[in-house]
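What follows is each chain in one-letter form.
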Amino acid sequence: MRLQNKVALITGGTSGIGEATALLFAKEGAKIAITGRHEKRGHGVTAQILEAGGQAIFLRTDVRKADECRRAVEETVASFKRVDVLFNNAGVFYPHTALDCTEEEWDLQIDINLKGTFLMSKFVLPRMIEQRSGVIINNSSGWGMVGGDAAVAYCASKGGVVLLTKAMAIDHGGRGIRVNCICPGDVDTPMLPEDARMRGQKWDDYLAGCSNRPLRRIGTPEEIAKAALFLASDDSSFMTGAALVVDGGGTAD
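Worth saying up front: this structure is predicted, and the values here are computed from it rather than measured.

Asks: Lay out the overall build of the chain with the relevant residues and their values.
Replies: A count of helices and strands for the chain gives eight helices and seven strands. In terms of overall dimensions, the chain is globule-like: its C-alpha atoms have a radius of gyration of 17 Å, near the 18 Å expected for 253 residues. When its C-alpha atoms are laid out on the principal axes, the chain stretches across 45 × 40 × 35 Å. In the chain, which comprises 253 residues, the proportion classed as buried is 49%. Counting only carbon and sulfur atoms, one obtains 52% of the accessible surface of the chain, whose full area is about 11800 Å². Side-chain charges of the chain comprise 29 positive and 31 negative groups, with the mean position of each set lying 6 Å from the other.

Asks: So, helix H4 (residues 103-131): which residues are in play, and what are the values?
Replies: Along its 29 residues, H4 runs 40 Å from first to last C-alpha, staying within 8% of the 42 Å computed at 1.5 Å per residue. Along its length, H4 shows its largest kink, about 40°, at lysine 115. Two residues or fewer after H4 comes arginine 132, characterised by a positive phi angle close to 60°.

Asks: Can you lay out unusual backbone geometry for me, pointing to particular residues and giving the numbers?
Replies: Phi is positive for asparagine 5, close to 70°, though the residue is something other than glycine. Turning to its location among the elements, asparagine 5 is positioned in the segment before strand S1 (7-10). One non-glycine residue with positive phi stands out, namely arginine 132, at about 60°. Counting through the fold element by element, arginine 132 comes out in the loop between H4 and strand S5 (134-139).

Asks: Summarise the pairing of strand S3 (residues 56-60); cite the residues concerned and give the values.
Replies: Bridge count between strand S2 (residues 31-36) and S3: five bridges; the pairing is parallel. Residue pairing across strands places alanine 33 opposite isoleucine 57, the latter belonging to S3. Handedness of the β-α-β unit built from S2, helix H2 (residues 39-51) and S3 comes out right-handed.

The rules behind the values
Residues numbered from 1 in each chain as written. Predicted model: local features only at pLDDT ≥ 70, side-chain atom pairs only at ≥ 80, totals over all residues. Heavy atoms only, no water. Helix = DSSP H or I, 4+ residues; strand = E, 2+ residues; numbered from the N terminus. Rg over C-alpha atoms; globule rule 2.2 N^0.38 Å. Buried < 20%, exposed > 50% of the residue type's maximum accessible area, 1.4 Å probe, protein only. Areas by Shrake-Rupley, 256 points an atom, 1.4 Å probe, with all protein chains shown as cover. Lys, Arg positive; Asp, Glu negative; His and termini not counted. Charge placed at Lys NZ, Arg CZ, Asp CG, Glu CD. Expected span 1.5 Å × (residues − 1). Bend = angle between axes of the 7 residues up to and from the residue. Pairing = 2+ DSSP bridges. Right-handed = clockwise from strand over helix to strand, strands pointing away.

Geometry only, nothing functional implied.
Put into structure tokens, the structure is as follows:
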């Protein structure tokens, strides 16, 4: 029960890493608010938490829009009185080089992955400052630390998340707020087979290409959720401004 009596707001909480984190945080005692744009999936996640005896709400939110981010924070506070943990997890990916990346797809990835992280943090921070405590966790990527092939906008957005994390950690550490990010490698979420499809690769061939990392496999959403739990809890009480790489050794190779 490492998050007992805590309130966690998780963006992109309707599937993949966000869903796994919401379920784990609830199991560890947190009250959960998840955001996303898919209501059916969102209510499915909250139903699992409620059936297990926890507390959870779903808030339909587009993190590109300031008014919706502000409303998500306000409704979380209205329901649970506070926000202790923000997990900025919402993200999208399209594989393109600078030559074939359209302006629309560039804007979409920057706006969801980077601007969305900024907006949610902007509206959560005043609540945490009032409490003089709080944790913000941003979901970056191994490709936010190193470059990746045919991922120009994604790499730019996720690299921005890493330095946004460090900047906010410096600005708000004196007020009892810790800000860290996770840099996952390839994880078994709906984003991965979609990447294979857009690259024109068969799924088995795509997975075989992922086997060259030291651990010889892709990760699971639950493994990333455990890293998020570590950063959300007092187990990481002396960590801020850090980029925690959880990628099976991909960036070490």
